[in-house]
Structure formats: C-alpha cells, structure tokens
Amino acid sequence: CADLVWLKKRNHAFGRMAAIAYIDSAEKLIASQNTLGEKERLFRGFDLAAQIDRKGPLLSDLVGRISAIVQSEELINCSLATCLDALLRSRIADGPLLHGIASRQARRIAANGPNPLWERRFWEIAARFASQAHSSNGEREAMIEIAKTFEAEADNVSLHALKAHFLEYALHQYRKISGT
C-alpha cells in the first residue's frame, strides 16, 4: 500500500515505509528459509531506498541489516546468493568484506562435494564485489575459479558434446582474464 502511494504521489514518507516493509518481509522469509519472493522484496526495498536517498541513512541502514544477516553465514545457498546480489545492487556495501564471504562460501561448497553450479555462482558474486572494490587480484582469482568450475563440470560428464560445451565455457572465462 505504501509502495503504491510512493509510485503515485512520490511521498517520501510512504516510500521509506515501503522500503522498510519490503526488507522486514524479506528478513522474515530468510529466517524461515522460505526463499519464495525474498529476492523481489530485497531488490524492491533497496531500489526504493536508493530512489529516496541514495547516500542517506535509509539505504545505509537497510544495507547494514542485510550485511549483518550475510555475515552470520548461516543462510542456505539460495538466500545467501540473493542477499549478496541485493547488496551488490546497493553499490554502497562493504565490497572487500562481502567478496571474502562469497569466496569462503564457494570454497566451502567445493570442499563439501561437487556442486559446480553453486560454487560458480558464489565465485561470480565474489568477482563482482572485487570489481566494485577495485581489487584486480581478487577479481582475477575469482574469475580463475569460475573457469575451474567449468573444467570440473567437463570432467564429470561422459558425453563428449557436453564435455566440449563446458570446456568452451572454461576457455571463454580464461580469455576474460588478463595475463592468462
């Protein structure tokens, strides 16, 4: 309801209420491990906050709340990836800290058994945070790990066409990295 008032009349008080309500709702879904709708709510909450005051306290507060959830590192992969994506979108989150969280999650997934899709997903997020933080070493490391996930997928399939497909993606990823 507050979002509708914001859309129609650009009433900042209602926009703030809507942004907070979206984040509150997303936090409840994350806590219950119900991932249905959490992404849309997080993204809409951050988008509203950015429209109202990009550098003001509202967006900083919402980023802080979601950052605290992410730092607990007790989220399921889907929720953690969604939260990290939302924080990337805010462009004011602590890039180096969140790059580290995404990298650790990717390593944890790799250590717990082969799941190259989730591992790659977190390396992609880590690369984007490193890029946002202007950390060329962090971005390079993450991009190399992304390529390695494609190699791992190629090793785990018996069909030659699929093997070639994954190796092509690995080569494409390596070509994006300077010095490789």
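Up top is the structure these notes are about.
Residues numbered from 1 in each chain as written. Predicted model: local features only at pLDDT ≥ 70, side-chain atom pairs only at ≥ 80, totals over all residues. Heavy atoms only, no water.

Caption draft 1: Spotlight on helix H1 (residues 2–9). Along H1, the residues that are buried comprise Ala2, Asp3 and Trp6. In an axial view of H1, the angular spread of the buried residues amounts to 105 degrees, which keeps them on one side of the axis. Turned more than 90 degrees away from the buried face of H1 sit Leu4, Lys8 and Lys9, all of them exposed. Among the residues trailing H1, arginine 10 stands out with phi positive, at a value near 55 degrees. (Buried < 20%, exposed > 50% of the residue type's maximum accessible area, 1.4 Å probe, protein only. Helix = DSSP H or I, 4+ residues; strand = E, 2+ residues; numbered from the N terminus. Arc of directions from axis to C-beta.)

Caption draft 2: Structural view of unusual backbone geometry. Residue histidine 134 is not a glycine yet carries a positive backbone phi of 60 degrees. Assignment of secondary structure puts histidine 134 in the loop between helix H7 (116–132) and helix H8 (136–155).

Caption draft 3: Highlighting the environment of arginine 175. By the element assignment, arginine 175 lies in helix H9 (residues 160–176). Note: C-alpha distance between arginine 175 and alanine 164 (11 residues apart in sequence) is 16 Å.

Caption draft 4: Quick peek at the packing of helix H5 (residues 77–90) against helix H6 (residues 95–111). For the pair H5 and H6, interaxial distance at closest approach is 11 Å and the crossing angle is 155 degrees. Taken together, the axes of H5 and H6 lie roughly antiparallel to each other. Here H5 and H6 pass one another in a crossing that is left-handed. Contacts from Asn77, Leu80, Leu84 and Leu87 of H5 reach H6 at Leu98, Ile101, Ala102, Gln105 and Ile109. In terms of residue class, the contact of H5 with H6 is built from seven nonpolar, two polar and no charged. (Axes fitted to C-alpha atoms, helices over the stretch in contact; angles between N-to-C directions. Parallel < 35°, antiparallel > 145°, perpendicular 65-115°, else oblique. Left-handed = near helix turned anticlockwise from the far one by under 90°. Contact = heavy atoms within 4.5 Å. Nonpolar A, V, L, I, M, F, W, Y, C, P; charged D, E, K, R; others polar.)

Caption draft 5: Layout of the pattern of salt bridges. Going through the model one piece at a time under the given rule, you end up with eight salt bridges. Residue arginine 121 pairs with aspartate 85 through a salt bridge whose shortest N-O separation is 2.1 Å. Placement of arginine 121 in helix H7 and of aspartate 85 in helix H5 is noted, with a sequence separation of 36 residues between them. Here arginine 121 falls in the partly exposed class, since its relative accessible area comes to 24%. Aspartate 85 is the salt-bridge partner of arginine 128, the closest N and O atoms lying 3.6 Å from each other. Remark: aspartate 85 occurs in helix H5 and arginine 128 occurs in helix H7; sequence separation between them is 43 residues. (Salt bridge = Lys/Arg side-chain N within 4 Å of Asp/Glu carboxyl O.)

Interpretation in functional terms is not warranted from these geometric data alone.
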